[in-house]
Amino acid sequence: MARLTGLAGLLFLALVLAATWPVEVWTTLQSRPEQPVGEITPDNRVAQSFQARLSGLSAVELHLATYRRVNDVTLLWRLHRDRPDGPLVAAGQIAGRTVQDNAPYRLTFPPQPDSTDRVYYLVLESPDGRPGQALTAWASRHDYFPRGRLYLNGVPAAGDLMLALGYRTPPLAILPTLLDRLAAGRPGLWGQPALYAALLAGYALALGLLVAALLAWSQDGRSAPPSRAEKTDVD
C-alpha cells in the first residue's frame, strides 16, 4: 500500500510539473512575403504594432532581406508596450554583415508575464543606412492580423510585417486561450468554454482513475498468496 501511495504521489508531482513548467510556444501572425518595406534608412523608419495572445512573450521573429548584397550598416530595434512611445520592453542592434538574405531573424528578450492581449510596437531604424547600402524587411500588401498596423516614418501604411511571436509560458497559462478558441464560432452549448474545461477535467480524472486502478491491480498481483495447487506438500 505504501508503494502504491508513493507511485501515486510521484504521478501527481509529474502532472503538476508538466502543467506549470514553462514551455516554448510560437504563433505566426503573418507569413506572406509579398513586398519589402523599402531600404531602412534615417529617412525610412519602420514600425509594426501587434497584439500578444499569451503570457510570457519572449521573442519576435521577422524576415529581413539584404537586396543580395553585403550591407555594412547597423539595424537598431526597439520593442515598446501599449503605444509607440510607451514603456521600453527591449532593444538591441543587428550587424548588417551578419544578416542572411530573405531569412528569419529572431529578437529575444526576458519573458513578459503580463503580455496576454497587450499591444506592442516593434521599431526598426538604421542611422547609417543609405540608398544602396541598407537592409529591408518583408511585409504583406494587405492587413492580415487584428490590432496590428504597419507604420513608415510614423504614417500608417498598407500591409503587415512578416511576424511570428515566441512565448515562454506554462501550459496552464495557455489553457484559457485554448478553450476560447475551441468555443469560438460554435452554436449553443458548444460555444461555452466551460464545456470544454469540464470535458478536459473529466478526461484527466478518468485517466487518473485508470492509472490508479492499474497500479492497484499490479500491487495485488504481486502480493497475492500462492494458490492451493501451487503449495508444496511437506508431509
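Because the structure is a prediction, the values reported are computed rather than measured.

With respect to the overall build of the protein chain
So, point 1. For the protein chain, the helix and strand inventory stands at three helices and 12 strands.
So, point 2. The burial tally for the protein chain puts 34% of its 235 residues in the buried class.
So, point 3. The long-range share in the protein chain, meaning contacts at least 24 apart out of those at least 6 apart in sequence, stands at 80%.
So, point 4. Accessible surface, the protein chain: about 13,900 Å² in total, of which carbon and sulfur atoms supply 60%.

Some remarks on the nonpolar core
So, point 1. Ranked by internal contacts, the top residues of the largest apolar core, which has 35 residues, are Phe50, Trp77, Leu122, Leu124 and Leu161.
So, point 2. For this core, the leading source of residues is strand S4 (residues 57-65), giving four residues.
So, point 3. Setting aside anything within four residues of it in sequence, one finds Trp77 in contact with Ala90, Ala91, Gly92, Gln93, Ile94, Leu107, Thr108, Phe109, Leu122, Val123 and Leu124.
So, point 4. The next biggest cluster of nonpolar side chains, apart from the first, holds five residues, and it includes Val119, Tyr121, Val123 and Tyr151.

Here we look at the packing of aromatic side chains
So, point 1. According to the stated counting rule, one finds two aromatic pairs in the structure shown.
So, point 2. With a centroid separation of 5.9 Å and an interplanar angle of 20°, the aromatic rings of Phe50 and Tyr120 are classed as stacked. Note that Phe50 is positioned in strand S3 (residues 46-51) and Tyr120 in strand S8 (residues 119-125), a separation of 70 residues in sequence.
So, point 3. Judged by relative accessible area, Phe50 falls into the buried class, the value being 0%.
So, point 4. A cation over a ring is seen here: Arg32 above Tyr144, with NZ or CZ 3.8 Å from the ring centre.

Observations concerning the side chain of Thr27
So, point 1. Structurally, Thr27 can be placed in strand S1 (residues 23-30).
So, point 2. The residues contacting Thr27, other than those within four sequence positions of it, are Arg53, Ala164, Leu165 and Tyr167.

Some details on the pairing of strand S9 (residues 136-139)
Remark: a regular strand shows side chains that alternate across the two faces of the sheet.
So, point 1. Judged from the two bridges that link them, strand S2 (residues 35-36) and S9 form a sheet pairing that is antiparallel. When the sheet's bridge partners are listed, Gln35 is paired in S9 with Ala139.
So, point 2. Looking at chain direction, S4 and S9 are connected through two bridges and run antiparallel. The residue of S9 that forms the bridge with Leu64 is Ala137.

Considerations on unusual backbone geometry
So, point 1. One non-glycine residue, Tyr67, adopts positive backbone phi at about 60°.
So, point 2. Within the secondary structure layout, Tyr67 lies in the loop between S4 and strand S5 (74-81).
So, point 3. A positive phi angle, near 55°, is found at Asn153, a position not held by glycine.
So, point 4. Inspection of the secondary structure assignment puts Asn153 in the loop between strand S10 (149-152) and strand S11 (155-157).

Brief notes about the confidence of the model for the protein chain
So, point 1. Across the protein chain, the average pLDDT comes to 82, with 68% of residues at 70 or higher.
So, point 2. Here residues 11-19 is modelled with pLDDT under 50, and outside its nearest four sequence neighbours on either side it reaches five contacts, counting other chains as well.

A short note on the sheet that holds S5
So, point 1. Across the sheet, six strands lie side by side as S6-S5-S8-S3-S10-S11; this open sheet has antiparallel pairing. Looking along the sheet, the strands with just one partner apiece sit at the ends: strand S6 (88-95) and S11. In this sheet, neighbouring strand axes are inclined to one another by 25° on average, regardless of whether the strands run parallel or antiparallel.

Here we look at the environment of Ala47
So, point 1. Note that Ala47 resides in strand S3.
So, point 2. With a relative accessible area of 14%, Ala47 lands in the buried category.
So, point 3. Spatially, the C-alpha atoms of Ala47 and Val155 are 9.4 Å apart, while their sequence positions differ by 108 residues.
So, point 4. If we ignore the near neighbours within four places in the chain, the residues touching Ala47 are Leu122, Val123, Arg149, Leu150 and Tyr151.

Quick look at the pattern of salt bridges
So, point 1. For the coordinates displayed, the defined rule picks out nine salt bridges.
So, point 2. A salt bridge links Arg81 to Asp82, with the nearest nitrogen and oxygen atoms 3.7 Å apart.
So, point 3. Classification of Asp82 by relative accessible area gives partly exposed; the value is 36%.
So, point 4. Sharing partners across several salt bridges, the network here consists of Arg81, Asp82, Asp114 and Arg118.

Conventions we followed
- Residues numbered from 1 in each chain as written.
- Predicted model: local features only at pLDDT ≥ 70, side-chain atom pairs only at ≥ 80, totals over all residues.
- Heavy atoms only, no water.
- Helix = DSSP H or I, 4+ residues; strand = E, 2+ residues; numbered from the N terminus.
- Buried < 20%, exposed > 50% of the residue type's maximum accessible area, 1.4 Å probe, protein only.
- Contact = heavy atoms within 4.5 Å.
- Areas by Shrake-Rupley, 256 points an atom, 1.4 Å probe, with all protein chains shown as cover.
- Core = buried A, V, L, I, M, F, W, Y, C linked by side-chain atoms within 4.5 Å.
- Phe/Tyr/Trp six-rings, centres within 6.5 Å; stacked < 30°, edge-to-face > 60°.
- Lys NZ or Arg CZ within 6 Å of the ring centre and 35° of its normal.
- Pairing = 2+ DSSP bridges.
- pLDDT = per-residue confidence, 0-100.
- Axes fitted to C-alpha atoms, helices over the stretch in contact; angles between N-to-C directions.
- Salt bridge = Lys/Arg side-chain N within 4 Å of Asp/Glu carboxyl O.

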